[in-house]
Amino acid sequence: MKTKLLGLMALVTLLGMSQAGAETLVGTTTDATGIDGLVVGSLTYNVTFENASYDTVYPSAPTFLGNSSGAEDAASAIESALNSLGVTALTGISGDFQVVEVPYDVSATSATSSSAYCNDVPCPAGSWSGLGTSGGGDLTDVYTGYYYTTFLIAASSPLPAALPLFATGLGALGLLGW
């Protein structure tokens, strides 16, 4: 009986650890303002979508400036999250399309970005796609349907290094005793 309880505790612990990095939608599926818990590479971010000029959204350098592959990975992660979370519209959308921009290069007059987009408003569930790169336009203008992204590293409570090993050992003992 004791070993079955230990095995059950280990299983619950392992399942709890696997859910720790789940993405959550900020706003609603028809009025999304961001995604919390988005994993890009080895970091977890809270992402905000802003329909404002480049200069307004980025008073300092965007997260992926100078890192086109990181921006591409971020846009891909956003695309996947928007599809899996069932998002059909971003906040305040009024145009015929919606584009989420992750800038990685900027000149004196324009920015180049990796993007996730949908050609419809509302976007049919699961229809977000990757655009690759986009660019152009004035850094001080606001464009209908285009949303810049801000990335903040999410606060996390790191697991003690030995906890997964301990939980696995408890699970093994539970199975042996079963």
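On a predicted model such as this, the values are computed, not experimentally measured, just so you know. (Residues numbered from 1 in each chain as written. Predicted model: local features only at pLDDT ≥ 70, side-chain atom pairs only at ≥ 80, totals over all residues. Heavy atoms only, no water.)

1. Observations concerning the overall build of the protein
- When you go through the protein residue by residue, the secondary structure sums to four helices and seven strands.
- If you list the helices and strands of the protein from N to C, you get α-β-β-β-α-α-β-β-β-β-α.
- Counting every position in the protein, which comprises 178 residues, the buried fraction comes to 33%.
- Contacts spanning at least 24 positions in sequence make up 66% of the contacts within the protein whose residues lie at least 6 apart.
- Of the roughly 9700 Å² of accessible surface on the protein, a fraction of 59% belongs to carbon and sulfur atoms. (Helix = DSSP H or I, 4+ residues; strand = E, 2+ residues; numbered from the N terminus. Buried < 20%, exposed > 50% of the residue type's maximum accessible area, 1.4 Å probe, protein only. Contact = heavy atoms within 4.5 Å. Areas by Shrake-Rupley, 256 points an atom, 1.4 Å probe, with all protein chains shown as cover.)

2. Some words on the state of the cysteines
- This model, assessed by the stated rule, comprises one disulfide.
- One disulfide in the model links C118 with C123; its S-S distance is 2.1 Å. Between C118 and C123, the S-S torsion sits near 95°, and that sign places the bridge as right-handed. (Disulfide = S-S within 2.5 Å.)

3. Considerations on the nonpolar core
- If you look at the biggest cluster of nonpolar residues, it comprises 28 residues, and the most contacted ones within it are L38, F49, I78, L82, L90 and F151.
- Broken down by secondary-structure element, the contributors of at least two residues to this core are β2 (31-40), β3 (43-50), α3 (68-84), β4 (98-106), β5 (111-118) and β7 (146-153).
- Top contributing element to this core by residue count: α3, with seven residues.
- With residues up to four places along the chain from it excluded, the contact list for F49 reads A32, T33, G34, I35, I78, L82, L90, V100, Y147, Y148 and T149.
- Membership of the second largest hydrophobic core comes to seven residues, among which are A52, Y54, L139 and Y148. (Core = buried A, V, L, I, M, F, W, Y, C linked by side-chain atoms within 4.5 Å.)

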